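# Observations on the model geometry
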Amino acid sequence: MRLSRRNLFAAAGAGALAPSLAAAAAAATSTGQTTSARGYRPVRTLNGWTLPYKLVNGVKEFHLVAEEFEHEFAPGCRAKVWGYNGSTPGPTIEVVEGDRVRLLVTNRLKEHTTMHWHGFILPSGMDGVGGLSQEHIQPGETFQYEFTIRQSGTHMYHPHADEMVQMALGMMGMFIMHPRGGEAVRVDRDYCFLLHNWALHPGTWRPDPMIMQDFDLWTFNSKVFPAIEPLVARSGERVRVRVGNLSMWNHPVHMHGVEYHVTGSDGGRWPQSQWRREVTELVGVGQTRDLEFVAVPGDWALHCHMAHHTMNPMGHHIPNNIGTDQSGVTEEIRALMPGFHSMGANGMAEHQDHTQMGHLKGPPNTLPMMMGQGPFGNLEMGGMFTLIKVRDDLAPGDYRDPGWYRNPAGSVAKRISTDPEFGAPVRAPALAPATPAESMDHHGGQS
Ligand SMILES: [Cu+2]
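Residues numbered from 1 in each chain as written. Predicted model: local features only at pLDDT ≥ 70, side-chain atom pairs only at ≥ 80, totals over all residues. Heavy atoms only, no water.

## Quick look at the coordination of the copper ion
- Around the copper ion, the protein supplies His251 (ND1), Cys304 (SG) and His309 (ND1) as donor atoms, at distances of 2.0 Å.
- Counting residues between consecutive donors of the copper ion along the chain gives the motif H-x52-C-x4-H. Of this pair, His251 sits in strand β15 (residues 251–255) while His309 sits in the loop between β21 (298–304) and α5 (329–336), placing them 58 residues apart in sequence. Comparing His251 with His309 shows no difference in burial state: the two are buried. (Donors = N, O, S within 2.8 Å, 3.2 Å for Na, K, Ca; no water. Helix = DSSP H or I, 4+ residues; strand = E, 2+ residues; numbered from the N terminus. Buried < 20%, exposed > 50% of the residue type's maximum accessible area, 1.4 Å probe, protein only.)

Right, here's the structure in full:
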């Protein structure tokens, strides 16, 4: 797998390449020293990497290869996906406003494809809509796109041929255009990721492109929590998080611990007078948003606020067991199905305990619905969830996971009673008794 990917890189003529994605990303996304040389601070693609380029007579030449390969969403769950240069999303491309760029796209799929440069200001014939702007790129062919970058901001690339299938299988990437001459308000760390969704049905190894709404995996850069890298920063640093959405849903991206500023979109970084404070920003399908904040020490959640989007695979058609008395039934079923567990009568948090203790096994190649452990217990999360880890003592450019936050003494919520009758909280009055026709007893509720 890795060898063949390396050979492909060599064939692509992408220059001196590190043997692993991590090393490639580390080389491309380095510390402040490179800022002056490049004229910009490189972005850090969560769980991803930046594509190296060759400078050919003043033109920055990038080479993307559309192909199928095996991808890991998190340990325990892999799939055959389509992407670019061995990764989904494809590598991030970074350029500077005013650059002349040449983008080679080789098609190693078994059907045709094209590349659409989403939101770019370019000649019509470079826009990549198969059949409209250009001929399709047939299997085995390489097409060349060439234009001058006329804007700056957070952008994306994706096919515009058999789009439903090719995007559902993972073909997409980010394209960052840095403004010429730098930025008036500089950022110290610049993260980027793409939102996506996958219908990898439990027990299968190939995403199903026919699904429109009931997805199983909700991803940041094609990873699910807890496999998504944390966003690391030093206290007081200005952090930008560039979020693009090429999924089938709009995602309200919520950040704990700060009111961030929404500072830009596909239209580039906005004038400062247009920045607005938010704690949740809806990133619509086909949109990008830039979120900026000054880092505050702690461990903070960053996630989509659609509660089902912070879960890993789950049955969409299981009956609702909340409030049902399953005593007696459980024993009868267990006599027929040894190991059977009735769950969900009191809520679903116990799901993570059962899967972690190993006596609840799902289908093969399928992650538990809830995952992740923190210093105080189970996180009961999955999908579009990760952490922002801010510490006082990090070196600039150090992206290593610093472990769990050490809270100052007296600053953690604590237990003060174990008696349900504790205190005298004010409560809303109970409803008057229902008429017999309305009674919950007739609707399958608990009695
Ligand atoms: Cu969402």
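From this point, the discussion proceeds with the structure in view.
## Here we look at the pairing of strand β6 (residues 100–107)
- Most of β6 is tucked away, with seven of its eight residues classed as buried.
- Sheet topology note: the strand β3 (residues 59–74)/β6 ladder contains seven bridges and is parallel. What sits directly across from His63, in β6, is Leu104.
- Note that β6 and strand β8 (residues 142–148) share seven bridges and pair antiparallel. Bridging across to β8, Leu103 finds its partner in Tyr145. (Pairing = 2+ DSSP bridges.)

## Side note on the sheet that holds strand β10 (residues 173–178)
- On the basis of which strands lie adjacent, the open sheet formed by four strands has the order β5-β10-β9-β7 and mixed pairing. Of all the strands in the sheet, the pair left with one neighbour each is β5 (93–96) and β7 (116–118). Ignoring strand direction, the axes of neighbouring strands in this sheet form an average angle of 25 degrees.
- Pairing geometry for strand β9 (residues 153–158) and β10, over five bridges, is antiparallel. Within β10, the residue paired with Gly153 across the bridge is Met177. (Axes fitted to C-alpha atoms, helices over the stretch in contact; angles between N-to-C directions.)

## Describing the side chain of Thr88
- Among the secondary structure elements, Thr88 is positioned in the loop between β4 (77–84) and β5.
- A distance of 2.8 Å separates a polar atom in the side chain of Thr88 from the backbone oxygen of Gly170.
- Polar contacts involving the side chain of Thr88 include one to the side chain of Ser222, which spans 3.0 Å.
- Discounting residues that sit within four places of it in the chain, Thr88 has contacts with Phe69, His71, Val81, Trp82, Gly170, Trp198, Asn221 and Ser222. (Polar contact = N/O pair within 3.5 Å; in protein donor to acceptor, adjacent residues only side chain to side chain. Contact = heavy atoms within 4.5 Å.)

## Section: the pattern of salt bridges
- Within the structure shown, the criterion is met by 22 salt bridges.
- Residue Arg240 pairs with Asp190 through a salt bridge whose shortest N-O separation is 2.9 Å. Placement of Arg240 in strand β14 (residues 238–245) and of Asp190 in strand β11 (residues 189–198) is noted, with a sequence separation of 50 residues between them.
- Of the residues examined, Asp190 reaches a relative accessible area of 1% and is grouped as buried.
- For Arg391, the salt bridge identified is with Asp299, shortest N-O distance 2.7 Å. Here Asp299 lies in strand β21 and Arg391 lies in strand β24 (residues 385–391), a separation of 92 residues in the sequence.
- The class for Asp299 is partly exposed, based on a relative accessible area of 25%.
- Salt bridges sharing partners connect three or more residues here, namely Glu183, Asp190, Arg238, Arg240, Arg242, Arg269 and Glu292. (Salt bridge = Lys/Arg side-chain N within 4 Å of Asp/Glu carboxyl O.)

## Things to note about the confidence of the model for the protein
- Counting all residues, the mean pLDDT for the protein is 89, and 88% of those residues have values of 70 or more.
- Taken as a whole, residues 1–34 scores under 50 in pLDDT and shows 41 contacts with residues more than four places along the chain or in a different chain. (pLDDT = per-residue confidence, 0-100.)

## Focus: unusual backbone geometry
- At the junction of Thr88 and Pro89, the peptide bond is cis and its omega measures out at -10 degrees in the coordinates.
- With respect to the helices and strands, Pro89 occurs in the loop between β4 and β5.
- Backbone torsion omega between Phe225 and Pro226 reads 10 degrees, so that peptide bond is classified as cis.
- Within the secondary structure, Pro226 is located in the loop between β12 (217–220) and β13 (231–234).
- Of note, Asn57 is a non-glycine position whose phi angle comes to about 50 degrees, a positive value.
- Even without a glycine there, the phi angle at Asn85 is positive, about 55 degrees.
- Overall, the relative accessible area of 3% leaves Asn85 in the buried class.

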